Amino acid sequence: MLSGDSMGAASLLRLLGCITYHALLLADCATNSTAYELRPTRLILQADSRVDALLAPLQFPGFAISARGLRQVSGAVALYVGDFELRSRHLEAALFFPVPPTLRFFSPQDELRNALKINELQNRLLQYRLQNLNAVMVSDFDVPTLSGSSRVVAQMLGQCIVDAPGCQGRVANLLQSRDEESRVERSSGLDAVIIEALVVLCHEQRPSVHLGEVAEIANALLTRNEEVLKLKPRKVSAIMKKMGLISCRLDSGGRGIYLLREQCALIHRLGSHYGVASLVQGLPGCPHCRDK
Amino acid sequence: MKRDRDLRDLVKLYSDEMKPVPTGGKKLPDGSVLEVVRNDVTSKVELLHWEDGESAISAEFFCGGKRYVPSHEAVHLKWLPSGASSYLSTRDLFEELQAFIVLGLNASSESATQLAHFCLASFFGDVIALF
Ligand SMILES: [Zn+2]
């Protein structure tokens, strides 16, 4: 996902067009063309509303689109976003590349001048693909120290590196700062605050808890963070539902959730994901803190 | 009468089987792989068949009773390999990609590393998710 300087982006896409697999330089998303059978690398100079809708099938192999029959359109994509605001949640798993204004202009003439070199690289890259296709398919490369989408991107990039542990290892460095940024973002969001409140309640060994009590603790945590926002039980319920914690009517006091072993385990897992501070040390004696 | 009909059925079956199947590259049921390449003398798009580390190039390939030919759409691809050639080691190939990017764009080494990863990964777009 490219952002930043537009001339630089066009230049960069042109260069990528020389050394990626079945590259197509496109001015729009164009999945309706029959070129899908080539499994092209789409290098798109202009984002539009169609890209939003197509992010999932482009990004995840196996998810087809229905256009003149079912079609698989997945493949590598580099997209210059420019000023267009993409809304898809699938954007999270993208690799972001801010295009610096200092890039040298890579022209069609440069492309021609380098034709021999480009052909050599294409031939070597093809042999690399053919020789390593099976190894990439079964690769279980992972960087457990990264989290969320940074870890997914690291897996994708690292799995494509065969027999070069040095190159593979450097994938983690590339994604380190992105990971730190998203950890901070996650831990300061409302989801994180609600999970932190639920961790507190788990540690109090409460058998069940009303939404109003979760809201009360969450609001206290928000005040600690100097936020003026006050969460209402209904909002708490909606956020909890999104995370797989579904409330029910507990008693005459209203709705809430039971904190059974299964729920507490999930709350702890979510707590780790959101970087809840109290889970870094953990509570001595809590089986979920120990298992985490 | 019946013999004529049988013969007609047989001819139809044969011509169906021999109908060209356009492909932009495919892993075949026997584990071998087809890829589209461009002949560097004639500029024609052809198929490269890869099996057990050996490659052969031809205008068409027969496998499992099917006749594979290059997809017509492949003519739209500006850059195609003309064959498969040794990359020495993954590290060598990776460094070569980085050098090409640095030279072409005057990019920083960190940017070149990131882009080289993307290029390499694009060759596996059918087996991994990449965006
Ligand atoms: Zn605990």
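Here is what the cut-offs are and how they apply
Throughout, a residue's number is its position along its own chain's written sequence, starting from 1. Labels follow written order: the first chain is A, the first ligand is 1, and so on. Note on the predicted model: pLDDT of at least 70 is required for a residue's local features to be given, and 80 or more for side-chain atom pairs to be given and counted; whole-chain, interface and lining totals, by contrast, use all residues. Neither water nor hydrogens contribute to the side-chain values; these are computed over all heavy atoms in the structure. For the purposes of this entry, the term helix denotes a DSSP run of H or I that reaches at least four residues, the term strand denotes a run of E that reaches at least two, and both are numbered from the N terminus. Within these notes, the globule rule equals 2.2 Å times the number of residues to the 0.38 power, and the radius of gyration is based on C-alpha atoms. Remark: exposure states derive from per-residue accessible area (1.4 Å probe, protein chains only) relative to the maximum for the residue type, with buried under 20%, exposed over 50%, and partly exposed in between. For every accessible area listed, the method is Shrake-Rupley and the probe measures 1.4 Å; residues are considered covered only by the protein chains on display. Only four residue types enter the charge count: Lys and Arg as positive, Asp and Glu as negative, with His and the chain ends excluded. By convention, charge coordinates are those of NZ in Lys, CZ in Arg, CG in Asp, or CD in Glu. Coordinating donors are taken to be N, O and S atoms lying within 2.8 Å of the metal, or within 3.2 Å when the metal is Na, K or Ca; because water is excluded from the atom set, some sites may appear incomplete. Any site counts as irregular unless it has four donors with all angles between 85 and 135 degrees, making it tetrahedral, or four or six donors with opposite ones more than 155 degrees apart and the rest between 65 and 115, making it square planar or octahedral. A carboxyl oxygen of Asp or Glu within 4 Å of a side-chain nitrogen of Lys or Arg is what we treat as a salt bridge. In this analysis, two residues are considered to be in contact whenever any of their non-hydrogen atoms come within 4.5 Å of each other. Buried area: the accessible area, evaluated with a 1.4 Å probe, that two parts lose upon being put together, summed over both parts. Each residue gets one of three labels, nonpolar for Ala, Val, Leu, Ile, Met, Phe, Trp, Tyr, Cys and Pro, charged for Asp, Glu, Lys and Arg, and polar for the others, Gly among them.

S.K.: Tell me about the overall build of chain B, residues and numbers included.
M.R.: The helix and strand inventory of chain B stands at three helices and seven strands. Its C-alpha atoms give chain B a radius of gyration of 20 Å, clearly above 14 Å, the size a compact globule of 131 residues would have. Projected onto its principal axes, the C-alpha positions of chain B cover 75 × 30 × 30 Å. Burial analysis of chain B (131 residues in total) assigns 48% to the buried set. Carbon and sulfur atoms form 54% of the exposed surface of chain B, whose accessible area is close to 7,000 Å². Seen as two clouds, the 14 positive and the 19 negative side-chain charges of chain B have centres 12 Å apart.

S.K.: Requested: an account of the coordination of the zinc ion, with residues and values cited.
M.R.: All names here are of chain A. Bound to the zinc ion on the protein side are His203 (NE2), His268 (NE2), Cys286 (SG) and Cys289 (SG), at distances that span 2.0 to 2.3 Å. Classification of the site at the zinc ion as tetrahedral follows from its four donor atoms and the range of 104 to 116° in their angles at the metal. Sequence spacing among the residues donating to the zinc ion works out to H-x64-H-x17-C-x2-C. Taken together, the residues His203 in helix 7 (residues 190–203) and His268 in helix 10 (residues 261–273) connect sequence positions 65 residues apart.

S.K.: Now, about the pattern of salt bridges: what can you tell me, with residues and values included?
M.R.: One pass over the structure, following the stated rule, counts 18 salt bridges over all chains. With a closest N to O distance of 3.1 Å, Glu111 of chain A and Lys78 of chain B form a salt bridge. Placement of Glu111 of chain A in helix 3 (residues 108–113) and of Lys78 of chain B in the loop between strand 7 (66–70) and helix 2 (90–105) is noted, with the two residues assigned to different chains. The class for Glu111 of chain A is buried, based on a relative accessible area of 2%. Put simply, Asp191 of chain A and Lys242 of chain A hold a salt bridge, and the shortest N to O gap is 3.2 Å. Taken as a pair, Asp191 of chain A in helix 7 and Lys242 of chain A in helix 9 (residues 233–242) lie far apart in primary sequence, 51 residues in all. Among the ionic contacts, a cluster of salt bridges with common partners joins Arg39 and Arg129 of chain A together with Glu35 and Asp126 of chain B.

S.K.: Would you mind going over the interface of chain A and chain B in detail, with residue names and values included?
M.R.: Taken together, the contact pairs 74 residues of chain A with 59 residues of chain B. A combined buried area of about 6,600 Å² lies between chain A and chain B, and 70% of that area is made up of carbon and sulfur atoms. At the surface where chain A touches chain B, the tally comes to six salt bridges. One salt bridge in this structure joins Glu35 of chain B and Arg129 of chain A, with 2.6 Å as the shortest N-O distance. Only helix 1 (6–19), strand 2 (23–26), strand 3 (41–44), helix 2 (49–59), strand 6 (77–79), helix 4 (115–138), helix 5 (148–159) and helix 6 (165–187) of chain A provide two or more residues apiece to the side of chain A that touches chain B. When the residues that make up the side of chain A that touches chain B are grouped by side-chain class, the tally is 46 nonpolar, 19 polar and nine charged.

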